[in-house]
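A closer look at the structure
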Amino acid sequence: MDADHHRCVITLAGEPDAVRRQPFWEPARPMELIDLTKTQRGASARWAPRTCLPFIPIDGVTIEDCVGAGAAMGNEIWKRYRIPVFFYEAAATRPERVNLENVRRGQFEGLREELKKNLDRQPDVGEPKLHPTAGVTVVGARSFWCLQRESEIPPISASRTRSPRRSGFLSGGLRYVKSMGVGTEARGLAQVSIKLTDFEQTPMHRVYEMVKRERNATA
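Residues numbered from 1 in each chain as written. Predicted model: local features only at pLDDT ≥ 70, side-chain atom pairs only at ≥ 80, totals over all residues. Heavy atoms only, no water.

This part takes up the pattern of salt bridges. Taken as a whole and judged by the stated rule, the model has 8 salt bridges. A salt bridge links Arg 80 to Glu 76; the nearest nitrogen and oxygen atoms lie 3.7 Å apart. A residue pair is termed a helical-turn pair when its members lie 3 or 4 positions apart in one helix, as Arg 80 and Glu 76 do in helix α3 (residues 63–81) at 4 residues. The exposure class of Arg 80 is partly exposed, given its relative accessible area of 41%. A relative accessible area of 30% means that Glu 76 is categorised as partly exposed. (Salt bridge = Lys/Arg side-chain N within 4 Å of Asp/Glu carboxyl O. Helix = DSSP H or I, 4+ residues; strand = E, 2+ residues; numbered from the N terminus. Buried < 20%, exposed > 50% of the residue type's maximum accessible area, 1.4 Å probe, protein only.)

On to the packing of aromatic side chains, then. Applying the stated criterion across every chain yields a total of 0 aromatic pairs. The positively charged end of Arg 82 is found above the aromatic ring belonging to Trp 78, 4.0 Å away from the centroid. (Phe/Tyr/Trp six-rings, centres within 6.5 Å; stacked < 30°, edge-to-face > 60°. Lys NZ or Arg CZ within 6 Å of the ring centre and 35° of its normal.)

Turning our attention to the pairing of strand β1 (residues 52–55). Burial along β1 is one-sided: Leu 53 and Phe 55 are buried, and none of Cys 52 and Pro 54, which face the opposite way, are. In this sheet, strand β3 (residues 137–141) lies alongside β1 in parallel orientation, the contact comprising 4 bridges. Note that in β3 the partner of Cys 52 across the bridge is Val 138. (Pairing = 2+ DSSP bridges.)

Moving on, we get to the confidence of the model for the chain. With 74% of its residues at a pLDDT of 70 or more, the chain shows a mean pLDDT of 78. Per-residue pLDDT, averaged within each element of the chain, yields its smallest value for helix α6 (residues 158–161) (46) and its largest for strand β2 (residues 85–89) (94). Confidence drops under a pLDDT of 50 for residues 153–171, and excluding neighbours within four residues, the segment shows 43 contacts in the predicted structure. (pLDDT = per-residue confidence, 0-100. Contact = heavy atoms within 4.5 Å.)

Okay, unusual backbone geometry next. A positive phi angle, near 55°, is found at Glu 89, a position not held by glycine. Here Glu 89 shows up in strand β2. You can call Glu 89 buried: its relative accessible area is 14%. In this structure, Gln 107 takes a positive phi of about 55° despite not being glycine. For Gln 107, the location among the structural elements is in helix α5 (residues 107–114). Among the residues examined, Gln 107 registers a relative accessible area of 30% and is labelled partly exposed.

Before going further, it helps to spend a moment on the nonpolar core. In terms of nonpolar packing, the biggest core is built from 18 residues, with Leu 53, Phe 55, Met 73, Ile 77, Val 85, Phe 87 and Val 139 touching the most fellow members. Secondary structure elements with two or more residues in this core: β1, α3, β2 and β3. Of all the elements, α3 adds the most residues to this core, at 6 residues. With sequence-adjacent residues up to four places away left out, Met 73 is seen in contact with Arg 20, Trp 25, Leu 53 and Phe 55. (Core = buried A, V, L, I, M, F, W, Y, C linked by side-chain atoms within 4.5 Å.)

Written out as structure tokens, the structure is:
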């Protein structure tokens, strides 16, 4: 949690039913404190006070169990808070919603306008419009993410931070890897934020070594 990202990531581990009963996921308090129609900015994409709620299988739990838990939570969020919900990754109801970037495209303002005219962007649960101040929530089921690397200024350029991606500018991009360059001016650092969506298919050490090479190439 810092001024650059303007968001906080919290991880909770436990038995599935106990995790789902925990109040930390509830959007009530963030809704009180954050109004997306007012000043709320950060380097990360923004579309809700409580953005993503992914369920991740660890031990004795399958990805199918996580899909079921996510579906139950998504319906509960709509029922109690009237916040529409999208499902992503393994919980996605449409192929184009497997990738989170497709769901959050346009962020709060862009999605708010697109929902007025594009039926393909309608939420999976709830009304076909955003909550006036709390946007939407995205619930998913997936494997572990991710790797981050911080370096001293000069920062890695945005085009080079995309290079580990399979769809990146350089040849030899890695499958199951998504990346973003973030300039952390408040701390005088540059950060490469990477989502590794399948660490069994693309090992973490391979991604880490590629990021190191890119960093050294810009030094």
